[in-house]
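Breakdown of the fold
Given next are the chains, with one letter for each unit.
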Amino acid sequence: MDLYMMNCELLATCSALGYLEGDVYHREPDCLESVKDLIRYLRHEDETRDVRQQLGAAQILQNDLLPILVQHPQDKVLFDAVVRLMVNLTQPALLCFGKVPPDATSRHHFLQVLSYLQAYKEAFASEKVFGVLSEKLYDLLQLDWEQRQEEDTLLIERILLLVRNVLHVPPDPTEEQSVDGDASVHDRVLWALHISGMDDLLKFLASAQAEQQWALHVLEIISLMFRDQSPEELAALGQGQAAAEHGEDTRELETLRQRELAERRARALQRPSRHSRFGGSYVLQGLKAIGDRDVVFHKGLHNLKSYSHDLGKETRRVPRRRQAAPEAEPPRRSARNVRLFLRHFCQDFLEGCYNRLMLLVKDQLVREKAQQHDETYYLWATAFFMAFNRRRGFRPELVSETVGVRAFHFIEQNLTTYYEMALMDKKEAATWARRMHLALKAYQELLRTVQEMDRSPEQAVRDSSQVIKSNIFYLMEYRELFLALFRKFDETKQPRSFLRDLVETAHLFLRMLERFCRGRAGLVVQSKRVRRRKKPRAPAALAPQPPSAAELEELWAGLAPQVQACLQGEVPLPEDVVPFDAASETPVEEQRAEALLRIQGCLRDARAPQALRLLRSARDVWPEGDVFGPPDAGPPEETQLLREILFAPLPRHVPPEDEAPEEEEEEDEEEEEETVQVSEKEFNFLDYLKRFACAPVVRALVLLLRGYARNSPRTNHCAARLLHRLARDLRMEALLFQLSLFALFHRLLSDPAAGAHQELVALAKFVLGKFFALAATNKKAFVELLFWKSPAAVREMTEGYGSLREGEGAGRSRVPPWTPQEEQELRELYWKYKEVEGEDVIAAIVAHLPAPGRTRRQVVKQLVRLGLASSAKDFPRERKGTRLVLWTQEQEEELARLFEEFQGSEDVLGNIMKHLTARRSRARVVEKLLGLGLVSERKELYKKRRRKSHGPGPGVAGASTVPAQDSSAEDGDSEEEEEDEAEEGPMEEHWVPEEGAGQGLAHHLHQEGLAGPLRWLENCLRRTAGDREEDGVSHPVPLVPLSEENEDAMEDRRFRALLRQLGLRPPASEQESFWRIPAALTPQQLRRAAASIAHRGPDPPGSPQELLEPPRCPRDPDPAERPPAGLGSDSESEEPVPVPGAAQPGTKRRRELDSEDEDNGGSGAEPDPPAPCSQEDEDEDEDPQPLGRRKRVRRVEDEEEED
């Protein structure tokens, strides 16, 4: 059907509305019925919206409906029907079609409906139309709630929806091509709305107590009114800023003029003044053509710079899925009178309506009374009006409703939700990205408002800002938000404007956090850690132990009076007791045993009335056999029967274990559960800044700086400052050694208008200088330009490509490489133990390998790599408890003999374990000793600690220490040994460690990568010794691990064994969480213990670290010069100065990065450029950094390398 040929019925209906003669509209008698028919037709239109398109093509709204609305408002029924029809006709096209149609035919219908809506909006730009609507709305609002009918409420809502629909229509870019300052269609609609007084009615609806139900409608209309406006420009209007606007335009024109003049001068210098008829041909040496010869250039030399191999090639078409996300509508400056009216509206709205309206809207959002995605209007209003208030004489009381920790939490929650939905809902990722952009702008404006509160002259406002900052900087979610947004930024889904706001917000957050940390010595923040572990299988249900005869006699003695009272009728019996389960699949005849168990259960629970009622009911149901007594049983017989049931050993039904298939059991065993551990740690700003040293952040900054000529100075400053932090503050200049960034630097330095971007020019010169200095020593630096780099790659690039393989931190592999001698010895050991029956080949190889010790997994991997085994499945790990299950008679006799032999020794269990022929775990030995009756309780097997004498003397000998666990012990017994350790009794307070205790075990732990926790333990012992000498008082000192590495070490079995050898005490009860340094240890004993764990000796031969100088132990500081730090903490000030080049082992996820302060630059080094600074950052640099800080060891988490 041709949409431009109207349907006959539709044409007849439209003709029955009336006609326009001059300026007067004459209604037909069937006008009201015709309007209702049109509403009915719209309700039944098809998916192409044919009725809507035909009415739009016939201009029914412009020629009929609006004249009826303006000239006949006194007809209430007709007015209501016309408003209903116009609300339907002006419905947004997105609501009509659901989304923008992907196919061409449906998209054509969509664009056609959109064009009709734009024509409707132009027709509504009339003062008469909005005057009629305002008068009608005013009359309806004058009615009290008792007088207001349901029709009146519906008409108010329809008028608001009509205004919303008209303002929602997007502009037509082909029609509105006027310059800034001219009145557009939207401006004319706003001016008509203002002249009619509709804006005052909106402010009344936002502030009236009785009109709370229209809060979201009003907020949506206000957001559409200010759709094309900038809060900064509105706030600056009328404050003598016309000259400032003119000056900004002048500066832009001057920049373009300077660029044009520079290009003209360059062209004049390239060609001679006299024209040459012979252009000539030239050979470009070193630049190869398609073959092996050099390129031949057939143009003049002045065109040489523009030569490229891509000349003459067809540009490759970018697929739609890889195209950059489209930007939002370009900002447009409205007419001055419209902007003045909107500025006054903003001022009145802030002073009288903002706090109340935002409270109502948020309450409806939280209670889920609003429609889906209505929170976007709340986010927009927060960003817009807080920015207007900040630029227009900052008054925090006007926006107090949206300033606070709750506002931060609400916006952060929505931002995280949009972020997660953009990752999951790929088809609607662009829509979620737009919502995420709104939330990000609101978050940015909250941060700027808090920053403005810091500058307030009122002390109460400044204190409030400090409270807000302490809360948001404490929580981990706010600190990790920007890292997540940077890492998941996708230019095909998120526009460049989102990246601009993200960079500016991250810069603001980092600057506020840096200033907040500057005046605080030990800032403590929250840290969350997700642990994944396998769910333990639920143990089988155990049957309860039946009570003994004595207990039953005592129970019956208490029940007998209750039973007699029930039999005599003194206690009423319950009526709703049924002895069988009618819904059970078990037949009623077979439920007799269950009834006996229920009676017995009632008696044992002291419920005599229920037991008696069950007995009599069961007698009626099962009379055969007199199981529940004869039918004529009297009170003595019932009493005797109840007693027999109570004492009877009835078989209890234990539900059998579900026999699931083996596959399901394996799945159950492999289920993992995630637990989030929340802890606190000391915050270090540089450690947090190192999280931004990753390829996704640098890639996003480079992408933003590609448009430096179009960016605002503020945006370029924020991006340059972030790059400067990475390159200068973190000493990671190599992170910026990337070809795309260097191409950007080349374009910037050759730009004639580069003088307007001094910060970027200084950064480019600094980075390029560092690169060429590195390229002089590292010839592979030019190849590294092709790849984005991680911190690990940066360190390899600057310090050598073998530095991470020498065990220094957690690089790609902290496992020392296998030398040819070690590989040959591995082959010999493999062939030697391969044919030995009954022995684990890998365990034998690990036991006979020289230091440095290798783990089982490393040995298996190397055997597979050498081709001696096909896969790791050739060496299955022996399962725990499968070798020895039963005790033979000879083994029991041997155990009894060993117990008698060592019964009087100080460590009975330890001596038995040493001399047992068959290897057993400590827990199994303890159970067997208890089973044989050799000991009555576990305490008899605890170690007997000698008590320390009152005066230390040379003759006092220490008690025997815990035997060190061999690092090569099999993994299968680790869990059992941990159980044994838990079974040992608490260590006595006055136990004294022997001199040199723990030295061997500390050496093994140092080789296994626990050098950092050992240094932390050594520092804690030395500091405690100094404090006890200085104070003269000894108190137990807890060891509080604040870093993840130290927490992992405190969970290590061998590290806890070392703590026991040194005399440290484990948690004594459930109220204690940390190990403690006992008060009985003297300063001399603490220093001896610290010296015994210090790593002074050289590594064993064959170690890759044998040629390196081991790190020196720090000297014991003077008590007068000791910094005041908390005991047991592992802050960075406690770590010793590492020797350059020493191998520092690290954990798998961490590496050590030597970072020096900015103040210790040498005279021979290249001078660094000054940090990029803007007018807003001048107050930041008033507090200088403290001088003289020593070199430290900082740990950063490695970021994932993204291709």
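Residues numbered from 1 in each chain as written. Predicted model: local features only at pLDDT ≥ 70, side-chain atom pairs only at ≥ 80, totals over all residues. Heavy atoms only, no water.

Closest axis-to-axis distance for the helix α20 (residues 459-474)/helix α22 (residues 496-518) pair is 11 Å, and the angle between their directions is 105°. The pairing of α20 with α22 is recorded here as roughly perpendicular in orientation. Residues Gln466, Lys469, Ser470 and Phe473 of α20 touch α22, and the partners they reach there are Phe509, Met512, Leu513 and Phe516. Partitioning the contact of α20 with α22 into residue classes produces five nonpolar, two polar and one charged. (Axes fitted to C-alpha atoms, helices over the stretch in contact; angles between N-to-C directions. Helix = DSSP H or I, 4+ residues; strand = E, 2+ residues; numbered from the N terminus. Parallel < 35°, antiparallel > 145°, perpendicular 65-115°, else oblique. Contact = heavy atoms within 4.5 Å. Nonpolar A, V, L, I, M, F, W, Y, C, P; charged D, E, K, R; others polar.)

What follows concerns the environment of Glu9. Of note, Glu9 is situated in helix α1 (residues 8-15). Put simply, Glu9 and Asp37 are 28 residues apart on the chain and 9.9 Å apart in space, counted from C-alpha to C-alpha.

Helix length check: helix α15 (residues 336-352) (17 residues) gives 24 Å between terminal C-alpha atoms against 24 Å at 1.5 Å per residue, within 8%. Every buried residue of α15 is accounted for by Val338, Arg339, Phe341, Leu342, Arg343, Phe345, Cys346, Phe349 and Leu350. (Expected span 1.5 Å × (residues − 1). Buried < 20%, exposed > 50% of the residue type's maximum accessible area, 1.4 Å probe, protein only.)

Further remarks concern the pattern of salt bridges. Across all of its chains, the model carries 34 salt bridges by this definition. Across the pair Arg607 and Asp605 runs a salt bridge, and its minimum N-O distance is 3.6 Å. Residue class for Arg607 comes out partly exposed when judged on its relative accessible area of 37%. The salt bridge involving Glu638 is made with Arg616; its shortest N-O contact spans 3.2 Å. Pair noted here: Glu638 is in helix α26 (residues 635-647) and Arg616 is in helix α25 (residues 608-621), with a separation of 22 residues, a long-range link. Assessed through its relative accessible area of 25%, Arg616 is described here as partly exposed. Here the salt bridges share partners, and the residues they tie into one network are Glu45, Arg49 and Arg52. (Salt bridge = Lys/Arg side-chain N within 4 Å of Asp/Glu carboxyl O.)

This paragraph deals with the pairing of strand β1 (residues 18-21). One ladder, built from four bridges, connects β1 with strand β2 (residues 24-27); its direction is antiparallel. Paired with Glu21 across the two strands is Val24, which belongs to β2. (Pairing = 2+ DSSP bridges.)

This part covers the packing of helix α23 (residues 549-567) against α25. In a packed pair of helices, the relevant descriptors are the angle between the two axes and the axis-to-axis distance. Between α23 and α25, the shortest axis-to-axis distance is 9 Å and the interhelical angle comes to 55°. Our classification of the angle between α23 and α25 gives oblique. Considering only the axes of α23 and α25, their crossing is right-handed. Residues Leu559, Gln562, Val563, Cys566 and Leu567 of α23 form the contact with α25, whose own contacting residues are Ala608, Pro609, Leu612 and Arg616. Taken together, the residues that form the contact of α23 with α25 break down as seven nonpolar, one polar and one charged. (Left-handed = near helix turned anticlockwise from the far one by under 90°.)

The subject of this paragraph is a nonpolar patch on the surface. Where nonpolar side chains cluster on the molecular surface, the patch consists of Leu739, Val783, Leu786 and Phe787 and spans about 390 Å² of accessible area. With respect to the helices and strands, Leu786 occurs in the loop between α33 (781-784) and α34 (791-799). For Leu786, a relative accessible area of 53% puts it in the exposed group. (Patch = residues over 30% accessible without salt bridge, like charges linked within 9 Å, V, L, I, M, F, W, Y side chains within 5 Å. Areas by Shrake-Rupley, 256 points an atom, 1.4 Å probe, with all protein chains shown as cover.)

Counting residues in each nonpolar core, the largest one holds 192 residues, and the members touching the most others are Met225, Phe226, Phe385 and Phe692. The element that contributes the greatest number of residues to this core is α22, accounting for 12 residues. Contact partners of Phe692, with chain neighbours within four places excluded, come to Phe482, Leu483, Phe486, Leu510, Val697 and Leu726. Ranked by size, the runner-up nonpolar core spans 27 residues in total, among them Leu1010, Cys1020, Val1037 and Ile1093. (Core = buried A, V, L, I, M, F, W, Y, C linked by side-chain atoms within 4.5 Å.)

All buried positions along helix α40 (residues 922-932) are accounted for by Arg922, Ala923, Val925, Val926, Lys928 and Leu929. Immediately downstream of α40, the backbone of Gly933 shows phi near 80°, a positive value.

Confidence in the prediction for the protein chain averages 78 pLDDT; 76% of positions are at 70 or higher. Contacts for the low-pLDDT stretch residues 880-884, under 50 throughout, to residues beyond four places or in other chains number nine contacts. Taken together, the stretch residues 1097-1168 has pLDDT below 50 and engages in 172 contacts with residues farther than four places along the chain or on a different chain. (pLDDT = per-residue confidence, 0-100.)

Turning our eyes to something else, we now look at the environment of Arg332. With respect to the helices, strands and loops of the structure, Arg332 is situated in the loop between β4 (294-297) and α15. A sequence separation of 148 residues divides Arg332 from Ser184, and the C-alpha atoms of the two residues are 9.8 Å apart.

So, on to the environment of Glu1029. One can find Glu1029 in helix α43 (residues 1011-1031). According to the relative accessible area criterion, Glu1029 is partly exposed, its value standing at 42%. Each C-alpha atom of the pair Glu1029 and Gln1084 lies 9.5 Å from the other, and the pair is 55 residues apart in sequence. Those residues within four positions of Glu1029 in sequence are excluded, and the remaining contacts are Pro1083, Gln1084 and Arg1087.

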